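Here is how the chains run, residue by residue.
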Amino acid sequence: VIDDTASLEALVEKLATQPRFAFDTETSGFDWWSDRIVGVSIAIEPHKAYYIPLSPDNTTERLNALRPVFENEAIVKIGQNIKFDMLWLRRYGVGVAGFKLDTMILHYLLNAESRHSMNYMARTLLDYDPIEISTLIGTGARQLTMDRVAVPVIAEYAAEDADITLQLCDVLWPR
């Protein structure tokens, strides 16, 4: 968990030297007008990822700190349904520049008739069973929103998403 300015600055310095990274956003919902981004996860290498929690008090500051690496055209950005994440970052004024790889699209191009969810691909391509979102937020009438989940819990889930996305790209892109 990257929860202070010094750690965030160190992560940005590290990201700036990387040829690529995978990222994922966590939001309080899907309503562009009333929901908000609650965190960003980033993976540089398999089995290691970072989670940057965002609150109404620090979102602008933390996303501005990440802006140079997201807007660096020399760094490849990897995502699962990357357009969703790009739209949320854009809402906060952060562009995502350079070459982008979307594991959902890569999988579709290789196997159009299959399912393309990250969890399905993790099971079938990586032999790994990821955390289900329902274990964090529940289902039905008692379902929570991500902004109500404790940071350590959401951090594990979100970091895993970025890590699995990176690993899926390593399998799919060469194919």
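Right above here is the structure, for reference.
What counts, and where the lines are drawn
Residues numbered from 1 in each chain as written. Predicted model: local features only at pLDDT ≥ 70, side-chain atom pairs only at ≥ 80, totals over all residues. Heavy atoms only, no water. Buried < 20%, exposed > 50% of the residue type's maximum accessible area, 1.4 Å probe, protein only. Helix = DSSP H or I, 4+ residues; strand = E, 2+ residues; numbered from the N terminus. Arc of directions from axis to C-beta. Pairing = 2+ DSSP bridges. Axes fitted to C-alpha atoms, helices over the stretch in contact; angles between N-to-C directions. Contact = heavy atoms within 4.5 Å. Lys, Arg positive; Asp, Glu negative; His and termini not counted. Salt bridge = Lys/Arg side-chain N within 4 Å of Asp/Glu carboxyl O. Core = buried A, V, L, I, M, F, W, Y, C linked by side-chain atoms within 4.5 Å. Phe/Tyr/Trp six-rings, centres within 6.5 Å; stacked < 30°, edge-to-face > 60°.

Caption draft 1: Quick look at helix α5 (residues 118-126). Taken as a whole, α5 has its buried residues at M118, N119, M121 and A122. The arc enclosing the buried residues of α5, seen along the axis, measures out at 160 degrees, which places them on a common side. Backbone geometry just downstream of α5 places D127 in the positive-phi region, at approximately 55 degrees.

Caption draft 2: Here's a closer look at the sheet that holds strand β4 (residues 76-79). Pairing is mixed in the open sheet, where 5 strands are placed in the order β3-β2-β1-β4-β5. Every other strand in the sheet has two partners, leaving β3 (48-53) and β5 (100-102) as the edge strands with one partner each. Direction aside, the axes of adjacent strands within the sheet are offset by 25 degrees on average. Alignment of strand β2 (residues 37-45) against β3, held across 6 bridges, turns out to be antiparallel. By the bridge assignment for β3, V40 is matched with I52. Most of the contacts of helix α2 (residues 59-70) go to β2, to which it runs at about 30 degrees, and overall it touches β1 (20-27), β2, β3 and β4. Against the sheet, helix α7 (residues 151-172) makes contact with β1, β2, β3, β4 and β5, and its axis sits at roughly 45 degrees relative to β2, the strand it touches most.

Caption draft 3: Structural detail: the side chain of D24. Here D24 lies in strand β1. Within the buried core, D24 has no salt-bridge partner, and the shortest N-O distance to an opposite charge, that of R36, equals 15 Å.

Caption draft 4: The arrangement of the nonpolar core in detail. Among the nonpolar cores identified, the biggest contains 24 residues, and F21, L66, F70 and L89 are the most heavily contacted of them. Listing elements by their share of this core, those giving two or more residues are α1 (5-16), β1, β2, β3, α2 and α3 (82-91). Excluding its chain neighbours within four sequence positions, the residues that come into contact with L89 are F23, T25, I37, V40, L63, F70, V94 and V96. Among the nonpolar cores identified, the runner-up in size contains 14 residues, and I78, I164, L166 and L172 belong to it.

Caption draft 5: Highlighting the packing of aromatic side chains. Evaluation of the coordinates by the stated rule reveals 6 aromatic pairs. Relative to F70, the ring of F23 has its centre 4.9 Å away and its plane inclined at 75 degrees; by these criteria the two rings are edge-to-face. Of this pair, F23 sits in strand β1 while F70 sits in helix α2, and the two are 47 residues apart along the sequence. Accessibility classification places F23 together with F70 in one group, the buried group. Relative to W88, the ring of F84 lies with its centre 6.3 Å away and its plane at 55 degrees, an arrangement referred to as tilted.

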